[in-house]
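Each chain, written out:
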Amino acid sequence: MNKTFKALSLIACTTLAVSAQADEWRYAMEEGLTDPQGMYAQKFKEEIEKNSDHTIKIYPVGALGESADAMEQAQAGLLQFIDQSPGFTGAMIPEAEAFLVPYVQPTDPKVVREFFKNGKAINEMFHGIYREQGLELLSVFPEGEQVVTTKQEFRTPADLEGIKIRTMTSPLLLETYKSFGASPVALAWGELIGALKTNMVDGQENPAIWIEAYGLDDLAPVLTYTGHAQYTTAVMANADFFDGLSDADKKLIRNAADAAHDYIMDEVVKMDEAGLKKIKETNPNVKIVRLSDAERAVFKERAKAVEEIFIEKAGERGKQIIEQMKQDIEAAREAVGG
Ligand code: 6CS
């Protein structure tokens, strides 16, 4: 048991012993307060504290270790809430890797909004799956299109041969970059900057807002829009904690999650644009590449094998989720007239 885990155990027992009415709930995330997860968390906190006597203590990136450490603490009930992205959760929940299958998710912000807000796959099918891991799924939201940053320009899988691309730890991301022709390396967030500086990796993928905030464009200045994915994240509560709450507190949490979701869905579009604008303004060495439809078609063709691997791993449920996602995206396109 690590030190943070022990300290949180102690706080958890003390909290239970002294307070049945106004509780302090702990919320961990993978990002800082000004990043999308932090903006969501602060809105969630504001709603909970405005509408009840409960308080929320937010633990930003690094405060409780890496993503995997925080998840261990959330499943053990030491944290009441956690924001963890499928890019990490996929190692534990293969169905969550549906969000990582390349060239499935939309990139048009209006379609993205509709898909995340009203899609059946996201809003109905994942609930029971997260429950099996002791997690009550509250929200799933995007953080912007994934952009590949490399030290040298690429336009084809052949250009990526031998290029070491860092991915988050969900295994399907390794399959994706293998199929794209690269040599992927899965690393926790805390290891990425050092790995780029020491040439242990040559590139990585993340949305523009994150690339700008953490100076990733300084370390690998070619930003390539391949159109293959939307960074997705999810907010959960510990299921036992949630089940033990009064109906009023459950409603309080669901309402706070809905309010924070509505808020962040608008914010991320602005943040994504602002991130790219700032990179262009502040980094004279940056090169922005948008692959043409013909160039994308080559990667899309390769992505078919990744979808097959996903279905092999996630089974019938995974297959149904991907099929439903595709229907939801079509419905979202029609709904926004796109
Ligand atoms: O690449 C990563 O590991 C990180 N990317 C984002 C956008 N959020 C948190 C995550 O750890």
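Residues numbered from 1 in each chain as written. Predicted model: local features only at pLDDT ≥ 70, side-chain atom pairs only at ≥ 80, totals over all residues. Heavy atoms only, no water.

A. Looking closely at the packing of aromatic side chains. On inspection of all chains with the given rule, the structure shows 18 aromatic pairs. Summarising the aromatic geometry, the rings of Tyr-40 and Phe-141 are spaced 5.0 Å apart at their centres and angled 15 degrees between planes, so their arrangement reads as stacked. Taken together, the residues Tyr-40 in helix H2 (residues 36-51) and Phe-141 in strand S4 (residues 135-145) connect sequence positions 101 residues apart. On the basis of relative accessible area, Tyr-40 is assigned to the buried category, the value being 0%. When the ring of Phe-180 is compared with that of Phe-299, the centres are 5.1 Å apart and the planes differ by 80 degrees; the resulting orientation is edge-to-face. Of this pair, Phe-180 sits in the loop between helix H7 (171-179) and strand S7 (183-186) while Phe-299 sits in helix H13 (residues 293-336), placing them 119 residues apart in sequence. Of the residues examined, Phe-299 reaches a relative accessible area of 0% and is grouped as buried. Aromatic rings pair up to connect Trp-25, Tyr-27, Tyr-40, Phe-44, Phe-81, Phe-141 and Phe-241 into one cluster. Its end group placed over the ring of Tyr-263, Lys-43 keeps NZ or CZ at 5.7 Å from the ring centre. Positioned above the aromatic ring of Tyr-59, the side-chain terminus of Lys-57 is 5.2 Å from the ring centre. (Phe/Tyr/Trp six-rings, centres within 6.5 Å; stacked < 30°, edge-to-face > 60°. Helix = DSSP H or I, 4+ residues; strand = E, 2+ residues; numbered from the N terminus. Buried < 20%, exposed > 50% of the residue type's maximum accessible area, 1.4 Å probe, protein only. Lys NZ or Arg CZ within 6 Å of the ring centre and 35° of its normal.)

B. Just the layout of surface pockets, in detail. The space that makes up the largest pocket amounts to roughly 350 Å³. Counting residues per element, the ones that place at least two in the lining of the largest pocket are helix H5 (109-118), helix H6 (120-131), S4 and helix H12 (247-282). Tallied by class, the residues present in the lining of the largest pocket amount to seven nonpolar, four polar and five charged. (1 Å grid on protein atoms, 1.4 Å probe; cavity = no way out; pocket = protein on both sides within 12 Å on 5 of 7 lines; lining within 4 Å. Points joined across faces, edges and corners; volume = space filled by probe spheres on them. Nonpolar A, V, L, I, M, F, W, Y, C, P; charged D, E, K, R; others polar.)

C. Molecular detail of the side chain of Gln-324. Here Gln-324 shows up in helix H13. Looking at Gln-324, the relative accessible area reads 14%, which means it is buried. Once you skip the residues sitting within four places of it in the chain, Gln-324 turns out to touch Lys-120, Ala-121 and Met-125. (Contact = heavy atoms within 4.5 Å.)

D. The nonpolar core, seen in detail. Phe-44, Phe-81 and Ile-253 are the most contacted members of the largest nonpolar core, which has 70 residues in total. Counting residues in hydrophobic clusters, the runner-up holds 17 residues, among them Val-147, Leu-187, Ala-220 and Leu-223. (Core = buried A, V, L, I, M, F, W, Y, C linked by side-chain atoms within 4.5 Å.)

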